[in-house]
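# Coordinate inspection notes
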Amino acid sequence: MRPYLAILYDAFLEAIQSRVLWVLLAAWVLLLAAIAPFGFIEEKSYQLRSGDILQRSQLLEQLQQAARGKGKPTQLAVVAALPESARELLTEQSEDDPKRFTSGRLSDWLNEAGRSRSLYDPQLWPRVASRAEWKQISEKDPKLRSEEEVQQLNRLLLEWSFPGQLAPLSSSQAWVGYAGLKVGEPLPVSINQARAFLELFVLQGLIKIGLGVVAMFVAIIVTSPMIPDTFQAGSLHLLLSKPISRTWLFLSKFAGGTIFVLIHIAFLLSGLYLIAGWRLGIWNEGLFLCIPLFLFVFMIFYSVSALAGLVWKNAIVSVVVTGVFWAICFALGLVETVMQPIVRIQPEVTHVQALGDQLLAARQDGALVAWDPKASQWQQAFDTRGGNRKILGPFWLPRYGELYFGRAFVAPFGINSDGVRLGYANLPEFATASSSSPSSTGSSQPDSPPASSAASSKPAGESWFSGQRLESLENLLPRTRRAIGGMGTFLVLTDLGVYAFDRSAALARSKPKKGLAGMLQNAMGQLGSQSRESYRRLTPEDWQVAPPADLALSADEATLWVYSKGKLMGLRPEGDLWKPVVQREVIDDEESVALIAASPAGCLVVPAQGNRWTWCPAPKTAPGGTDAAMGDGGESDPLVWNAPVDHPPRSLTALSDGRFAMVDSKGYLWMIDPANQSCLQPTWDIQGKVVSVTPGNQSLVWVAHHIQNVSSLDLSNGQLTPMVTAKPKRVEWIYEWLVHPIYWGFPKPSSVDATILYCLKLGNDNKLSLDPALLGQTEQMGDPWQPLWSNAAFVAVMLTMCCVYLYRQDL
Amino acid sequence: MSQDAVIRTAGLVKTYQEGWFRRRAYQALRGVDLEVRPREIFGLLGPNGAGKTTLIKILLGILHPSGGKATVLGQPAGSLDARRRIGYLPENMVFPRHHTGHSALQFYGRLNGLSEEVIRQREPELLEMVGLRGREGELVRKYSKGMRQRLGLAQAMIHQPDILIMDEPTDGLDPVGRSQIREVIERLREMGKTVFLNSHILQEVELVCDRVAIMAKGKLRRLGTVAELTEVSGSEAGALTILRVMASPEQVAAIRTSGSPEAPPVRVLPLTGGTDGELTLELSDGSQPSLDRWIDLLRSHSISIVAVERKKPRLEDVFMQTVDRSSVPESPLETMHDEGEGGMR
């Protein structure tokens, strides 16, 4: 072994004596030094940010009215505390001028008011003194209150004066900082959430682009002369005269070439690890696992470079051949990356809605499609796609023959419904059709007419696919987190509480006015006007929900369940409002995402991380119980057990027989009976390919599988019947039979990214999914180690070719 | 064939293949039979393209022979056992740029399987021997060509091989550099090493080699000591005879045409350094009967013979004569031709 170790050691000596190495190391030092000053700055702050203005136009309207002496006394008091110039401007101009009255400007004015020591008037805000946590501050002499206490109290007063217009206060605010200076606006999330974002997106992006592309290319250029130089006559003949084998000489030289790259990668990633940990608190040990992984990626390209170098004995040819190889891999990877979501992810059926004999489905990409039996394909019913969207609903209101849906943007931290319009399709031919989903009004609704058998026989004509009957309503509520069907309409969970959609109010507001008024209304609509009057508030004004959160309504509509930050609350109606009657700590980690589903017997909580499930029986406590009574108001204790499920949940659905259906991220369907703490996986051949479960009529359940096929499950006998088998479209055929096989057979250096991502995510699974809705997103992560085997096979083939060439060739 | 030859080739053939699609073949060695004895300094001569380097590469295992057999120290040429006992100084040796003299010796020592300790022991002695003592800390890329060649010699000797193969060791060196290399070779002779020297500088070979082989066109044309080669060459009418006579060119011309039988060919050379009326005749056929015939003819025409001088052939003459003879194509394989010839690899 001594001669081969000598070659390795010599490669190391060559590397550390190379100027290129030191120049590159210096460049990495500069890069690390440039990013080192980044960090987080966290402060207790009661300042309003422009993003905290939830409904700008309505807030402005109320401020303008208050400036003219109209409105609530509390609003008058706030306006009185505004700067003089602001009051004048609000008084002078009664119309909305988005350029003049920006959210930023309004927040600045309110912050001015927030600093006023005279704003608090115990008579205007009597609730303050009744709250234990505020009592101490409110009783203090205004002059003796600290600056922080004044701002803290005033922020509360502002929120109460303009309910629903301002985002609830978070305990502290965080900024991205550079060398101690704040950069931009405060972060919309907590530091922990920002860390998770940085860890999985910024760090990963930096590593993938910086190391995976730039550094890798530099490494290829720098190392490409090594093999051709070694196998030049002058040095090679002397080496070959020594008592060493050609194969091992080549392999040693190849391994020696990787030493250069190893030094760089280890240096850069260790530096990143230290800086990310020291400055941002991201101590991700997965970065160290990335060192051998990146070395492996380099070896894939280097094996191509080495073979080209051996054959042509020219470094430039070597680089060019490697570049061409990279370009082919990139192009194939790009085609695969673009086509795979189009063919395998976007068409996934996430929700099935039967209208008579017509099946409708919501897809992963936000499209609403209808089944065309003639073509045996899903056809687009309404043009609801576009961008990175997720569909909320659809919600079928059979009494009116209207199908409602909203398309929220999918953001890294959850869905973002701000500025998203609620759409609906008017389908009068099905107006009397029976509903097949709890998300619709259902037959239990008092105002729902009985189902007509005639309606179900209506043919599905071309009109389904014309896209003509799509109407647009007002915007969804800001900070919408979740929407579920129920109570004859649909319920919306926002940061400000739970709301029920009021169809009549919404339609009345959306009815176009003729002439100038109509034009004005349209213009206002374009500017993002929202109407909270279209939604009826179900929860008290001061009852707010912090994400991660989820919402469930029991089938008997007796209990509304809300999960928020590790706590599960059960709400019961009291008058017009629903009030909490039970509260349970169900998950220790406040930032843990969980899915909930409710039956009349209780609520099942399935966390995204771990398999510690909780079953909370429905409360027996009558509405109106006090806070102190909550949690031990006579209801049964929650049951907690470890479910035999290894993968995070994708969706959780309550079934009509009291059981629950859970689809995990690997496509397996589990039937759960919480009363017995049983969790079974039925032995169907669709297991592993299930994408969603939607409850249908009575004992019927729609199970979507194999991307866009649908089967019906009869709960009474457990029989699964195929209902819809979609024929592949041309693009699907091209992908499955042409693109994917070529991609599969060709080396895929870029697929190692999946392994790198897996290493970076170790121990962090789903932490970033701060919204249960995002759990339903398909994550195309197969076996994370598979890319290593396939690429190792490629490297082995290339090195074998090199060795055979060397053995046979006269040098 | 002697049993104790350290290098032996028998019917060695090497055919190169060229071209990606239209394969073409070139026969570089065409049945070479050679033996090198222990402890001798063996010189291999030949013009460019004669096949010398090909022969060396086969001996070192760098090239695979297309036919025939080659052994080194009883082992198949190119085997690991054989290579362990060979030191090689390649033509135009290139050292990696990052090496100093010291690190280069360490590296090549390790490649030969030597331990650190052994390398440390042998290094000073070797550096002393090649005249690089005190310069081992300098980067090799700053060495002169002569220093690099001497360092190349040192690396070739570091594992104390039984055979040293040197490919053009003095190529591109100045006279001082050549002299230094010669001295090292003499030292090796004293140490009892076998040296296989490939060179086209005939004077070098003539000065240091015990035996010489001349190759041309892929074949071994001559083999023997320098004396043997020049002697054989002389007896084959390669030697010249010079006659200095008191006569005019016209008299000599008359003798050449009048004689019966006709006089052997003679060339009249211009007078250099003789007295007036002297003429120098060069007999290209230097055999004794030719000389006797000319002496008889000259004396019969009363021409005085001032001096008779025999001129011995040099190695260069032998080399040139051998190369000239071999320039006549002997087989279709002498030139490039398409694949398909029998016996090619």
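Residues numbered from 1 in each chain as written. Chains lettered and ligands numbered in written order. Predicted model: local features only at pLDDT ≥ 70, side-chain atom pairs only at ≥ 80, totals over all residues.

## Quick look at the overall build of chain B
- A tally of regular secondary structure across chain B gives eleven helices and 15 strands.
- Counting across all 345 residues of chain B, residues that qualify as buried make up 39%.
- Restricting the contact set of chain B to residue pairs at least 6 apart, pairs at least 24 apart contribute 72%. (Helix = DSSP H or I, 4+ residues; strand = E, 2+ residues; numbered from the N terminus. Buried ≥ 20, exposed ≤ 12 C-beta atoms within 10 Å, placed from the backbone. Contact = placed C-beta atoms within 7 Å.)

## Digging into the overall build of chain A
- For chain A, the count of helices and strands is 21 helices and 32 strands.
- With 811 residues in all, chain A has 42% of them scored as buried.
- Once local pairs closer than 6 in sequence are excluded, the contacts in chain A between residues at least 24 apart make up 65%.

## Regarding the interface of chain B and chain A
- Counting residues at the interface gives 22 residues for chain B, matched by 18 residues for chain A.
- Elements supplying a minimum of two residues to the side of chain B that touches chain A: helix H2 (80–84), strand S6 (86–89) and helix H3 (101–111) of chain B.
- In terms of residue class, the side of chain B that touches chain A is made up of 13 nonpolar, six polar and three charged. (Nonpolar A, V, L, I, M, F, W, Y, C, P; charged D, E, K, R; others polar.)

## Quick notes on the sheet that holds strand S25 (residues 649–654) of chain A
Residue and element names in this part refer to chain A.
- Taken in spatial order, the four strands of this open sheet run S25-S26-S27-S28, and their pairing is antiparallel. Every interior strand has two partners, whereas the edge strands, S25 and strand S28 (678–680), have only one. Taken over all neighbouring pairs, the strand axes of this sheet differ in orientation by 20° on average, direction set aside. (Pairing = 2+ DSSP bridges. Axes fitted to C-alpha atoms, helices over the stretch in contact; angles between N-to-C directions.)

## Quick notes on the environment of A:Leu553
All names here are of chain A.
- Mapped onto the elements, Leu553 comes out in strand S17 (residues 549–553).
- With 25 C-beta atoms packed within 10 Å, Leu553 lands in the buried category.
- It is 8.8 Å that separates the C-alpha atoms of Leu553 and Pro600, two residues lying 47 residues apart in sequence.
- Residues within four places of Leu553 in sequence aside, it is in contact with Ile484, Gly486, Leu491, Leu560 and Ala598.

## Brief notes about the confidence of the model for chain A
All names here are of chain A.
- Averaged over chain A, the pLDDT score is 80; the fraction of residues at 70 or greater is 84%.
- Segment residues 433–462 is flagged for pLDDT under 50; beyond a separation of four residues in sequence, or across chains, it makes 73 contacts in the model.
- Contacts of residues 523–532 to residues separated by more than four positions or lying in other chains number 13 contacts, the stretch itself having pLDDT below 50. (pLDDT = per-residue confidence, 0-100.)

## Remarks on the sheet that holds strand S21 (residues 594–599) of chain A
Residues and elements named next belong to chain A.
- Here four strands make up an open sheet; going across it, the order is S21-S22-S23-S24 and the pairing antiparallel. For this open sheet the edge positions go to S21 and strand S24 (639–642), each flanked by a neighbour on one side alone. Here the average twist between neighbouring strands, direction ignored, is 20°.
- Bridging between strand S23 (residues 612–617) and S24 involves four bridges; their strand directions are antiparallel. Counted as the bridge partner of Thr614 is Val640 from S24.

## Things to note about unusual backbone geometry
Residues and elements named next belong to chain A.
- Phi at Ser376 is positive, roughly 50°, even though this residue is not glycine.
- The class of Ser376 is exposed, set by 12 C-beta atoms lying within 10 Å.
- Phi is positive for Met487, close to 60°, though the residue is something other than glycine.
- Considering the arrangement of structural elements, one finds Met487 in the loop between strand S13 (480–486) and strand S14 (489–494).

## Things to note about the nonpolar core
- Ranked by internal contacts, the top residues of the largest apolar core, which has 132 residues, are B:Leu59, B:Ala154, B:Ile165 and B:Phe196.
- Among the elements that line this core, the one with the most residues is helix H14 (residues 286–312) of chain A, at 15 residues.
- The contacts of B:Phe196, once residues within four sequence positions are left out, are B:Ile7, B:Val36, B:Phe42, B:Leu44, B:Ile163, B:Leu164 and B:Ile165.
- If you look at the next biggest cluster of nonpolar residues, it comprises 100 residues, including A:Val349, A:Ala381, A:Leu392 and A:Ala608. (Core = buried A, V, L, I, M, F, W, Y, C linked by C-beta atoms within 7 Å.)

## Some remarks on the pairing of S21(A)
Residues and elements named next belong to chain A.
- The element S21 is largely enclosed, with a buried count of six among its six residues.
- Burial along S21 is two-sided: Ala594, Ile596 and Ala598 facing one way and Leu595, Ala597 and Ser599 facing the other are all buried.
- Strand direction decides the pairing type here: S21 and strand S22 (residues 602–607), joined by six bridges, are antiparallel. Residue pairing in the sheet places Ala597 in a bridge with Leu604 of S22.

## What to know about the packing of helix H6 (residues 103–114) of chain A against helix H9 (residues 147–161) of chain A
All names here are of chain A.
- One way to put it is that H6 packs onto H9 with a least axis distance of 9 Å and a crossing angle of 125°. By the criterion of interaxial angle, the relationship of H6 to H9 is oblique. Along this stretch, H6 crosses H9, giving a crossing that reads as right-handed. Residues Leu110, Ala113 and Gly114 of H6 lie in contact with H9, whose contacting residues are Gln151, Asn154, Arg155 and Leu158.
- Across the contact of H6 with H9, the residue classes break down as three nonpolar, three polar and one charged. (Parallel < 35°, antiparallel > 145°, perpendicular 65-115°, else oblique. Left-handed = near helix turned anticlockwise from the far one by under 90°.)

## Some words on the confidence of the model for chain B
- Per-residue pLDDT for chain B averages 82, and the proportion of residues at 70 or more is 86%.
- Note that residues 330–345 of chain B has pLDDT below 50 and, in this model, 22 contacts with residues that lie over four places away or in other chains.

## Some remarks on the packing of helix H2 (residues 19–35) of chain A against helix H13 (residues 246–280) of chain A
All names here are of chain A.
- The interhelical angle for the contact between H2 and H13, taken along N-to-C directions, is 15°, at an axis separation of 10 Å. On the basis of their axis angle, the class for H2 and H13 is roughly parallel. Viewed along their axes, H2 and H13 form a crossing whose handedness is right-handed. Residues Leu21, Leu24, Leu25, Trp28, Leu32 and Ile35 of H2 lie in contact with H13, whose contacting residues are Phe260, Ile263, His264, Phe267, Leu268, Gly271 and Ile275.
- Residues that form the contact of H2 with H13 fall into these classes: eleven nonpolar, two polar and no charged.

## Here's the deal with the pairing of S22(A)
Residue and element names in this part refer to chain A.
- Taken across its six residues, S22 has six buried, putting it largely inside the fold.
- Where S21 folds back onto S22 in an antiparallel hairpin, the turn is made up of two residues.
- With four bridges connecting them, S22 and S23 associate as antiparallel partners. What sits directly across from Cys603, in S23, is Cys616.
- Linking two consecutive strands that pair antiparallel, namely S22 and S23, is a turn of four residues; a positive phi of about 80° is found at Gly610 within it.

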